[in-house]
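Below are the chains, spelled out letter by letter.
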Amino acid sequence: QVQLVESGGGLVQAGGSLRLSCAASGRTFSSYVMGWFRQAPGKEREFVAGISRSGGSTFYVDSVKGRFTISRDNAKNTVALQMNSLKPEDTAVYYCAAGHELVSSWHEYAYWGQGTQVTVSS
């Protein structure tokens, strides 16, 4: 089992940057693939980015490609999401999640953080 705690959200102007971090408890962090998801009010939870156990493979939803970068540090039990060139449509609660398969379906991720709010003003 793993517990996840996100941090780094906030209010930023369009075009700005934020870096989200997710700290995981437990000694099995490296056995999980990690994902970042987001959910805006009235919308479905959406996959944003995922990273393999070693960090060697990543993938992104098309809307964030070239702007967001996911990374992980297995020695520190952390996963990060660097978000650049932010747009108002990126506004949402962002969640990190741990799972066993590197897929975009949120149903496949077993463990979730509490979420952190990201608000991008125009």
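Right above here is the structure, for reference.
A brief structural summary.

How each quantity is defined
Numbering of residues begins from 1 in every chain and follows the order in which that chain's sequence is written. In view of the model being predicted, local features appear only for residues whose pLDDT reaches at least 70, and side-chain atom pairs are presented and counted only at 80 or more, with totals across whole chains, interfaces and linings using the full set of residues. Each side-chain value is derived from all of the structure's non-hydrogen atoms; neither hydrogens nor water enter the calculation. Note on terminology: pairs of cysteine sulfur atoms within 2.5 Å are recorded as disulfides. Strands here mean DSSP runs of E at least two residues long; helices mean DSSP runs of H or I at least four residues long; both are numbered from the N terminus. For the exposure calls, accessible area comes from a 1.4 Å probe over protein chains only, and a residue counts as buried if that area is under 20% of its type's maximum, exposed if over 50%, partly exposed in between. Strands are treated as partners if at least two bridges between them are detected by DSSP.

## Description of the state of the cysteines
Now for step 1: The final tally for this structure, using the stated rule, is one disulfide.
Now for step 2: A sulfur-sulfur distance of 1.9 Å marks the disulfide that ties Cys22 to Cys96. Looking down the S-S bond of the Cys22 and Cys96 bridge, the torsion is 45 degrees, so its handedness is right-handed. With Cys22 in strand β3 (residues 18-24) and Cys96 in strand β9 (residues 92-99), this residue pair connects regions lying 74 residues apart in the sequence.
Now for step 3: Given the relative accessible area of 1%, Cys22 is considered buried.

## Some details on the pairing of strand β4 (residues 33-39)
Now for step 1: β4 sits mainly inside the fold: six of its seven residues count as buried.
Now for step 2: In terms of strand pairing, β4 meets β9 through seven bridges, oriented antiparallel. Its bridge partner being in β9, Phe37 is matched across the sheet by Tyr95.
Now for step 3: When β4 meets strand β5 (residues 46-51), the two strands line up antiparallel, connected through five bridges.

## Regarding unusual backbone geometry
Now for step 1: Positive phi is not limited to glycine here, since Asn77 has a value of about 55 degrees.
Now for step 2: Of note, Asn77 is situated in the loop between β7 (68-73) and β8 (78-83).
Now for step 3: Asn77 sits in the buried class, given a relative accessible area of 17%.
Now for step 4: Of note in the backbone geometry, Ser85 takes a positive phi value of approximately 50 degrees without being a glycine.
Now for step 5: In this fold, Ser85 is placed in the loop between β8 and β9.
Now for step 6: Ser85 sits in the partly exposed class, given a relative accessible area of 40%.

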